[in-house]
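# Chain and residue survey
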Amino acid sequence: IGCAEFTSSSHATALRLDDCVFENNRTFEFGVCINAANVVTAEDCVFGRQEDPNQYAGGASHLSLRGIGGGSRFVRCMFRDGSSNDEASSIRTEYIGDLEFIDCSFLDNRTNGGDTSAKGAVFIDANSNFDPTISFTGCDFFGNGICCYGNGFFGGGGGALRVEGA
């Protein structure tokens, strides 16, 4: 499956993904494979190697979720080999409501360079006005990080996970 945009303006109330594989996609604007409102349910999906070569547009290479929505849930999904030059290398959320990850794996996702605000593998910007529930249960994080800011030194915040606003 290639990349897709599924936003709240589509008037759909849910996006369901079962047994899907997203692999070797390359995006240039905001660097995201799936751009969706916070209404995603995914089970047994693989989000493999994705690239965001655009250092200045930011973005996440696997998934971007926005808004309160009905909440999103990911079960037994793998997010691996994401690469971004500025923002989160796997998942980025903005003003998010409820978000749940169960038995998911985040493997070898890297933010390369960019600025010191780089977010690592997963960046969650929660909407604290709505008291969101953000949960990771039985998830594995391995080999995620931020690399090579400036003269090859590690910098920024996050690595595996960075949460703001919760």
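So, a few notes on the structure that sits alongside this text. (Residues numbered from 1 in each chain as written. Predicted model: local features only at pLDDT ≥ 70, side-chain atom pairs only at ≥ 80, totals over all residues. Heavy atoms only, no water.)

### Some remarks on the pattern of salt bridges
What counts here: Note on definitions: salt bridges are taken to be side-chain nitrogens of Lys or Arg within 4 Å of carboxyl oxygens of Asp or Glu. Numbering of helices and strands runs from the N terminus; a helix is a DSSP stretch of H or I covering at least four residues, while a strand is a stretch of E covering at least two. Buried, partly exposed and exposed residues are distinguished by accessible area as a fraction of the type maximum, computed with a 1.4 Å probe on protein chains only: under 20%, between the cut-offs, and over 50%, respectively.
As enumerated under the stated definition, the model contains seven salt bridges in all. Here E43 and R16 are joined by a salt bridge, their closest N and O atoms 3.4 Å apart. With E43 in strand 6 (residues 40–43) and R16 in strand 2 (residues 15–18), the pair connects residues that are 27 residues apart, well separated along the chain. For R16, a relative accessible area of 46% translates into the label partly exposed. Between R76 and E43 there is a salt bridge, and its shortest N-O distance comes to 3.5 Å.

### Observations regarding the packing of aromatic side chains
Selection criterion: Only rings of Phe, Tyr and Trp enter the pairing, Trp through its six-membered ring, and a pair is recorded when the two centres are within 6.5 Å. The plane angle decides the type: under 30 degrees is stacked, over 60 is edge-to-face, the rest tilted.
With the rule as written, the count across this model stands at eleven aromatic pairs. Seen from their ring centres, F47 and F79 are 4.8 Å apart, and the 5° between their planes marks the pair as stacked. One end of the pair, F47, is in strand 7 (residues 46–47); the other, F79, is in strand 11 (residues 78–80), and 32 residues separate them in sequence. An aromatic cluster is present here, built from F22, F47, F74, F79, F101, F106, F136 and F141 joined pairwise through their rings.

### Some details on unusual backbone geometry
Note: most residues except glycine have negative phi, and most peptide bonds are trans. Within the chain, D44 stands out as a residue other than glycine whose phi angle is a positive 55°. Turning to its location among the elements, D44 is positioned in the loop between strand 6 and strand 7. Residues other than glycine seldom take positive phi values, yet D81 does so here, at roughly 60°. Summarising the element assignment, D81 is placed in the loop between strand 11 and strand 12 (82–84).

### What to know about the pairing of strand 9 (residues 63–66)
To keep things clear, this is the line we draw: Strand pairing requires that DSSP identify at least two bridges connecting the strands.
In terms of strand pairing, strand 5 (residues 34–37) meets strand 9 through four bridges, oriented parallel. Its bridge partner being in strand 9, A37 is matched across the sheet by R66. Here strand 9 pairs with strand 13 (residues 91–94) via four bridges, running parallel. Counted as the bridge partner of S64 is R92 from strand 13.

### Comments concerning the nonpolar core
Put simply, the rule is: Residues belong to one nonpolar core when they are buried, are Ala, Val, Leu, Ile, Met, Phe, Trp, Tyr or Cys, and are joined through side-chain atoms within 4.5 Å.
With 27 residues, the main nonpolar core has L17, I34, L65, F74, F79, F101 and F106 as its most contacted residues. Listed by contribution, the elements that provide at least two residues to this core are strand 2, strand 5, strand 6, strand 9, strand 14 (99–102) and strand 17 (120–125). Counting residues per element, this core draws most heavily on strand 17, which supplies three residues.

### Details of the environment of I34
Inspection of the secondary structure assignment puts I34 in strand 5. Sequence separation between I34 and H62 is 28 residues; the distance between their C-alpha atoms is 6.4 Å.

Keep in mind that these numbers describe shape and distance, not what the molecule does.
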